[in-house]
Amino acid sequence: MIRSTPAPGGLRALFAGGTATGSTDDQLLQRFRSRSGAGDPAAEAAFAALVDRHAAMVWGVCRRGLLDRADAEDAFQATFLVLVRKASSVRVDDRGSIGRWLYGVARKVAARQRRAAARRPTVVVEPATGDDPAIAAQRREACAAVSAELDRLPAKYRRPIELCDYEGLTYEQAALSLGWPTATIKSRLARGRQRLKGRLARRGLAPLAGAVAAELARECRAGVSQAVLSSTSRVATIASGLVPAAVARLAEGATQAMMWNKLKPLAILVLCGVGTSSLAVAWTLPRQADKPPPPVTGSAPGQERTADKPDTRWARQLPNGMRLEIMAVSPIPDSPKTWWRPDGRSMKSPDFQPNFLTSVTESAVVSDRSTRLAIVYRVAGRPDGGQVLALIDGADTIGYKNLPTSDEDPSTTSHAILATFPRSTTSLTVRFRVSCDAWETVKTLDTQASSTGGGKGRSLISSGAIADGGGGSTLCLAHDVGGSESLRVLAVDASGKEQSPSRVGSSSAGGFQQLIAKFALPPEAIREFRVQTRPCDEILMPDVATSPIGPAPR
């Protein structure tokens, strides 16, 4: 296999249309944009130089995310075809490089290719002529897991792994590429590898995923084939009809998705304008203000599952010792006091404040076709700084209420998640997002003016601090952070002290989230807002019954 870094294309770029080797990406891109038409040698040389310069990175992203080499080669070519089609709107970073832009495109294209590959019919291969189908399926799953978990790592840990393990750079070369000290590269590489190993272990894929990751890393370091590299360098000049159909489809899909992403800010602004009215039941009271209850008791001996043998569908033990369990479900309001287990079996009213749901605001509009429920869940063994956010798939409106804490066991907390959904729904899936790592500030917001942009592929739009008439402030923030990250907003006062919001409301639409944070400080007392994120894991608990089975036990 021929490595992609040394290339005849680089020599062509050196002598055609000026010296491309010493040019920045921005200069090469400008030269390509100013091409006079097909066959412009200077433009061809500039594009070939860009391909040569970024081939190793793009190939690494595509190869580690796609187990099939042919799929990875198609994704590699499609990434640079998108560059041809979007050249006029590509923005370089502060170092004059298109590396970040290409990295994001390669991830999107590889993800589209992975989804397309999953939809293709599985070809059954006889063991005598190929891999066992079950083993092949496991390898595909491990490959997808390695790519997903690597993408979820913070950039400071992910980039050293990509450069050193997948692109084959030395510590010194990676340090030069990132502008970091060599010692920093070594320490972050070690921490990143350890985090990646831990995440794969939690998925139960560590041995197989480790072997697949090592194999893919070797292929990434070997580089893309010279044939693919050469044809990719010519993609700017050949007629669109000569581009392989699979590559053209991939590039077209990615281009359309990027055009849609340009509409995100408008969608977020609309969300900010109309979402506030839907937050009547979405205020989250501070966790320290209330205390959760003692464990929910069963309705009758023999009928209910014992506490030491909970149903694993709705009770999970995490690797860090934290325990999550769904305890009970009830309509809103809870009169008549009707409660049932997640499987639908009726139960007596829980011991904790049985009428707590009657205090929930009734201002949210519920149509005849909708219904509202409260799902009570318990968190035990939460580490200091740990956070658990419960969401319900398909819910129209979500709110939260914290329940009294038992003096006997203050480390265990109970909460109720409130949801509105269609009456035709027979079961719900509760999605717990658990985050325990340190918070990282990703954006500082001005208190006096609205701002946009989030960096690292995030979209953020804030309203600035708005006086709420009660001596405090309210901040409206629309964002697309989700999936593998948790987000919070803190206010910083004049002394530099961080203040948490007293209330937080949220709503969502079209893949975007709107967060409204209420602070006790007036706008003039807030120096800035800090938007922080940290990695999170998702725990799914499906099939929670939306109605009871049988009457309540006496």
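Everything numeric in this text was worked out from a predicted model, so none of it was measured. (Residues numbered from 1 in each chain as written. Predicted model: local features only at pLDDT ≥ 70, side-chain atom pairs only at ≥ 80, totals over all residues. Heavy atoms only, no water.)

Student: Account for helix H3 (residues 41-65), naming residues and giving values.
Tutor: What sets the pattern is the α-helix's 3.6 residues per turn: residues three or four places apart point alike. Here H3 is 25 residues long and its end C-alpha atoms lie 34 Å apart, about the 36 Å a rise of 1.5 Å per residue gives. Where H3 bends most, the angle comes to about 55 degrees, and this point is His-54. The element H3 is extensively covered by neighbouring structure, given that 22 of its 25 residues are classed as buried. (Helix = DSSP H or I, 4+ residues; strand = E, 2+ residues; numbered from the N terminus. Expected span 1.5 Å × (residues − 1). Bend = angle between axes of the 7 residues up to and from the residue. Buried < 20%, exposed > 50% of the residue type's maximum accessible area, 1.4 Å probe, protein only.)

Student: Explain the nonpolar core to me, and be specific about the residues and the numbers.
Tutor: Counting 45 residues, the largest nonpolar core has Phe-47, Val-58, Phe-76, Phe-80, Leu-83, Trp-101 and Leu-102 as its most contacted members. Contributions of two or more residues to this core are made by helix H2 (25-33), H3, helix H4 (69-85), helix H5 (99-119), helix H11 (226-233) and helix H12 (245-261). Among the elements that line this core, the one with the most residues is H3, at 12 residues. Contact partners of Leu-102, with chain neighbours within four places excluded, come to His-54, Met-57, Val-58, Thr-79, Phe-80 and Leu-83. Listed in part, the 27 residues of the second largest apolar core include Val-329, Tyr-400, Val-544 and Ala-545. (Core = buried A, V, L, I, M, F, W, Y, C linked by side-chain atoms within 4.5 Å. Contact = heavy atoms within 4.5 Å.)

Student: Report on the sheet that holds strand E19 (residues 526-535), specifying residues and quantitative values.
Tutor: Strand order in the open sheet made by the four strands is E10-E19-E15-E16, with antiparallel pairing throughout. In the strand order of this sheet, the two ends are held by strand E10 (440-445) and strand E16 (498-499), each with one partner. Here strand E15 (residues 485-493) runs beside E19; their pairing, made up of nine bridges, is antiparallel. Note on E19: the bridge partner recorded for Val-492 is Glu-528. (Pairing = 2+ DSSP bridges.)

Student: Account for the confidence of the model for the protein, naming residues and giving values.
Tutor: Segments scoring low in pLDDT should not have their predicted coordinates read at a detailed level. In this model, the protein carries an average pLDDT of 74, and 68% of its residues clear a pLDDT of 70 or more. Element-level mean pLDDT values for the protein span from 38 in helix H1 (residues 8-15) up to 92 in E16. Between residues 123-130, whose pLDDT stays under 50, and residues either more than four places distant or in other chains, the model counts four contacts. For residues 358-365, every residue scores under 50 in pLDDT, and the model assigns this stretch 12 contacts once sequence neighbours within four places are set aside. (pLDDT = per-residue confidence, 0-100.)

Student: Before we move on, can you summarise the packing of aromatic side chains with the specific residues and values?
Tutor: This model, assessed by the stated rule, comprises five aromatic pairs. Centre to centre, the rings of Phe-32 and Phe-47 are 5.3 Å apart; their planes meet at 35 degrees, and the pair counts as tilted. Of this pair, Phe-32 sits in helix H2 while Phe-47 sits in helix H3; the two residues are 15 residues apart in sequence, bridging distant segments of the chain. For the pair Phe-32 and Phe-47, one class covers both residues: buried. (Phe/Tyr/Trp six-rings, centres within 6.5 Å; stacked < 30°, edge-to-face > 60°.)

Student: Describe unusual backbone geometry, with residues and values.
Tutor: Of note in this structure, Asp-543 is not a glycine but carries a positive phi near 60 degrees. Among the secondary structure elements, Asp-543 is positioned in strand E20 (residues 537-545). According to the relative accessible area criterion, Asp-543 is partly exposed, its value standing at 44%.

Student: Kindly report on the environment of Tyr-377, identifying the contributing residues and their values.
Tutor: Relative to the elements of secondary structure, Tyr-377 occurs in strand E5 (residues 370-380). Non-local contacts of Tyr-377, meaning those with residues more than four positions away in its chain, are made with Glu-325, Ile-326, Met-327, Ala-390, Tyr-400, Thr-413, Ser-414, His-415, Ile-417 and Phe-432.

Student: Describe the pattern of salt bridges, and please don't skip the residues or the numbers.
Tutor: According to the stated counting rule, one finds 22 salt bridges in the structure shown. In this structure, the salt-bridge partner of Glu-73 is Arg-69, at a minimum N-O distance of 3.4 Å. Here Arg-69 and Glu-73 lie together in helix H4, a separation of four residues that amounts to about one turn. Residue class for Arg-69 comes out partly exposed when judged on its relative accessible area of 21%. (Salt bridge = Lys/Arg side-chain N within 4 Å of Asp/Glu carboxyl O.)

Student: Lay out the sheet that holds strand E6 (residues 387-392) with the relevant residues and their values.
Tutor: The strand order E6-E9-E20 describes an open sheet built from three strands, whose pairing is antiparallel. The two strands at the open ends of the sheet, each matched to only one other strand, are E6 and E20. On average, adjacent strands in this sheet sit at an angle of 20 degrees to one another, irrespective of strand direction. When E6 meets strand E9 (residues 427-435), the two strands line up antiparallel, connected through six bridges. Note on E9: the bridge partner recorded for Ile-392 is Val-430. (Axes fitted to C-alpha atoms, helices over the stretch in contact; angles between N-to-C directions.)

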